[in-house]
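For reference, the chains in residue letters:
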Amino acid sequence: MLQKVWVSSPGSWALQESNSHRQGKKRCWKCRFVRTIIQHPCRRHAPKRSRKERMLRKIQICLCFCFVSGILYEISLLSSCVFSYLPMAQQYLTPEQVLNLGKSIIFLETTERLEPPPLVSCSVESAARIYQDRPIILFMRGLTNETALDMNTSYAAFSLLSSMKNVFLFPLQMETVFQETPLLQWYNQVVPEQEKNWVHVSSDASRLALIWKYGGIYMDTDVISIRPIPQESFLAAQKSRFSSNGIFGFPARHKFIWDCMENFVLKYNGNIWGNQGPFLMTRMLKTLCNLTDFQGTEDHSCQNISFLNPQRFYPIPYPAWSRYYQVWDKSPSFNHSYALHLWNFMNHNRKVVVAGSNTLAEKLYKTYCPTTYEDLIQNAK
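Residues numbered from 1 in each chain as written. Predicted model: local features only at pLDDT ≥ 70, side-chain atom pairs only at ≥ 80, totals over all residues. Heavy atoms only, no water.

The name given to the chain in an unreviewed UniProt entry is A4GCT acetylglucosaminyltransferase, and the organism recorded there is Vidua macroura. UniProt lists a comment for the chain under the heading Sequence similarities (unreviewed entry), and it reads "Belongs to the glycosyltransferase 32 family." Per UniProt, the comment on the chain under Subcellular location (unreviewed entry) is "Golgi apparatus membrane". (UniProt positions renumbered as here; feature names shortened; annotations may be inferred.)

In structure tokens form, the structure reads like this:
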């Protein structure tokens, strides 16, 4: 089993039973309470009560009605949205329990850092807001089974993310993730300390294994979600005839992802950046499809895999990445986009969002991750 870390979630609660023993049997007091109301209807010829007694009786009936209505309302919440009742501070949830809910949005942090920077927090928060009915999972290499995170943690981003009912933070244990995949043999042989691009290579491998095992959507931690992605099986074109691996989605056990993992091992070269990432996705897609240039904003489709137009995620291409941190006379609408990739890898000078700067990135934060903007940008100490 994967290790587990819990994060407290304010406002979450569990229905609890108050049991008593009568004749050796447990009986629920709520059930007895409701049963008493049903089994003791008003008698037709009951003696007249005083005005005060009648008033008390009416108050009791109103309270009973409110109580039963409240229970029924909570039960409806339980059946309609699993995230509204998960008692995060009261029970431990394994990654499998959450991933098996289906259609997860998965993020990875393959460095050892424990404090997610504002862009990571914004990516996770925006996904949590856009995909409110889906689990949003951030796997972090730096977490361990002994790491206890609560609302009093010194890490501001943890406190922020843990307050979101559909966000889960788990340790990333690669050896467990790679079990039952072609990547396990590679992982057992590779020496991370000797790898030039280990942070990126290990992330490339982990995202493939997780999506193959559980399905869902993988997103880089510099992707800001702005509207739901309608496709289930898709790759994102970074440009014509070239696929990114910064965001993609497939059902569990999809053959394309399995083939990618096999090719990952067969063609492994850790010295070439992207060889196990976007170049891998591109060469595997080319084995299935005759890739052509995009015309306008249409998407391509091949073998039931959607190859999404660059406008969907990369309306600002990587050579122009710094435009996100500039002031625009008129901000673009991004009407044809599902999410925006902010090209953090290109941001060598570590440009950041500054409150009051009026940059495009600041406007995106305000719109799609307002809590991150308020807590980590506006109120940052």
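Anyway, onward from the coordinates.
A. Up close: the nonpolar core. Ile136, Met219, Ile229, Ile247, Phe313, Tyr324 and Tyr365 are the most contacted members of the largest nonpolar core, which totals 52 residues. Looking at this core element by element, the count peaks at six residues for helix 4 (residues 118-130). Those residues in contact with Tyr324 that lie beyond four places of it in its chain are Pro315, Ile316, Leu340, His341, Leu342, Trp343, Thr359, Leu360, Ala361 and Leu364. Counting residues in each nonpolar core, the second largest holds 47 residues, with Phe168, Trp186, Tyr218 and Phe307 among its members. (Core = buried A, V, L, I, M, F, W, Y, C linked by side-chain atoms within 4.5 Å. Buried < 20%, exposed > 50% of the residue type's maximum accessible area, 1.4 Å probe, protein only. Helix = DSSP H or I, 4+ residues; strand = E, 2+ residues; numbered from the N terminus. Contact = heavy atoms within 4.5 Å.)

B. Inspection of the sheet that holds strand 5 (residues 167-171) at higher detail. Spatially, 5-4-3-6-9-8-11-10 is the arrangement adopted by the eight strands of the open sheet, whose pairing is mixed. In this open sheet, the two strands that pair with only one neighbour each are strand 5 and strand 10 (300-302). The mean angle between the axes of side-by-side strands here comes to 25°, regardless of whether they run parallel or antiparallel. Bridge count for strand 8 (residues 234-239) against strand 9 (residues 242-250) is five bridges, and the pairing is antiparallel. Directly across from Leu235, in strand 9, lies its bridge partner Phe248. Sheet contacts for helix 10 (residues 278-286): strand 8, strand 9 and strand 11 (305-308); angle to strand 9, the most-contacted strand, approximately 85°. (Pairing = 2+ DSSP bridges. Axes fitted to C-alpha atoms, helices over the stretch in contact; angles between N-to-C directions.)

C. Geometry of the confidence of the model for the chain. Residues at a pLDDT of 70 or more form 76% of the chain, whose mean pLDDT is 82. Here residues 1-46 scores under 50 on pLDDT; set against residues more than four positions off or in separate chains, the count is 83 contacts. Note on residues 84-91: pLDDT under 50 across the span, and 25 contacts to partners over four residues away in sequence or across chains. (pLDDT = per-residue confidence, 0-100.)

D. Here's a closer look at the state of the cysteines. Under the criterion given, the structure shown has two disulfides. Residue pairing for Cys122: its cysteine sulfur links by disulfide to Cys369, the two sulfurs lying 2.0 Å apart. The sign of the -85° torsion about the S-S bond sets the Cys122-Cys369 disulfide as left-handed. Taken together, the residues Cys122 in helix 4 and Cys369 in the loop between helix 11 (360-368) and helix 12 (370-378) connect sequence positions 247 residues apart. Of the two residues examined, Cys122 and Cys369, each falls in the buried class. The disulfide bridge from Cys289 ends at Cys302, spanning 2.0 Å between sulfur atoms. (Disulfide = S-S within 2.5 Å.)

E. Summary view of a nonpolar patch on the surface. Residues Met55, Leu56, Ile59 and Leu63 make up a contiguous nonpolar surface patch of roughly 390 Å² in combined accessible area. Note on placement: Ile59 falls in helix 2 (residues 51-80). (Patch = residues over 30% accessible without salt bridge, like charges linked within 9 Å, V, L, I, M, F, W, Y side chains within 5 Å. Areas by Shrake-Rupley, 256 points an atom, 1.4 Å probe, with all protein chains shown as cover. Salt bridge = Lys/Arg side-chain N within 4 Å of Asp/Glu carboxyl O.)

F. Looking closely at helix 9 (residues 255-266). Between its terminal C-alpha atoms helix 9 stretches 16 Å, which fits the 16 Å expected from 12 residues at 1.5 Å a residue. Along helix 9, the positions that sit buried rather than exposed are Phe256, Ile257, Cys260, Met261, Asn263 and Phe264. All buried residues of helix 9 project into a common sector of 165° when viewed along the axis, lining one side. Turned more than 90 degrees away from the buried face of helix 9, the exposed residues are Lys255 and Leu266. Tucked into the core, helix 9 has its buried residues touching helix 7 (183-189), helix 8 (198-214), strand 8, strand 9, helix 10 and strand 11. (Expected span 1.5 Å × (residues − 1). Arc of directions from axis to C-beta.)

G. Focus on helix 11. Residues Leu360, Ala361, Glu362, Leu364 and Tyr365 constitute the buried set of helix 11. Tucked inside the fold, the buried residues of helix 11 contact helix 4, strand 7 (223-225), strand 12 (339-341) and helix 12.

H. Expanded view of the packing of aromatic side chains. One pass over the full model with this rule turns up 21 aromatic pairs. Arranged with centres 5.4 Å apart and planes meeting at 75°, the rings of Phe242 and Phe279 form a pair that is edge-to-face. Linking Phe242 in strand 9 with Phe279 in helix 10, this pair joins segments that are 37 residues apart in sequence. Taken together through their ring pairs, the aromatic side chains of Phe178, Trp186, Tyr187, Trp198, Phe264 and Tyr268 make up a single cluster. (Phe/Tyr/Trp six-rings, centres within 6.5 Å; stacked < 30°, edge-to-face > 60°.)

I. Main features of the pairing of strand 8. Counting buried residues along strand 8, five of its six residues qualify, which places the element largely inside the surrounding structure. Hairpin connection from strand 8 to strand 9: two residues lie between these consecutive antiparallel strands, with Arg241 at a positive phi of about 65°.

J. Here's a closer look at the environment of His341. Mapping His341 onto the fold places it in strand 12. Linking His341 and Tyr324, residues 17 residues apart in sequence, is a C-alpha distance of 9.8 Å. Residues within four places of His341 in sequence aside, it is in contact with Asp220, Asp222, Val223, Phe313, Tyr314 and Tyr324. Only 3.3 Å separates the side chain of His341 from the side chain of Asp222, close enough to count as a polar contact. (Polar contact = N/O pair within 3.5 Å; in protein donor to acceptor, adjacent residues only side chain to side chain.)

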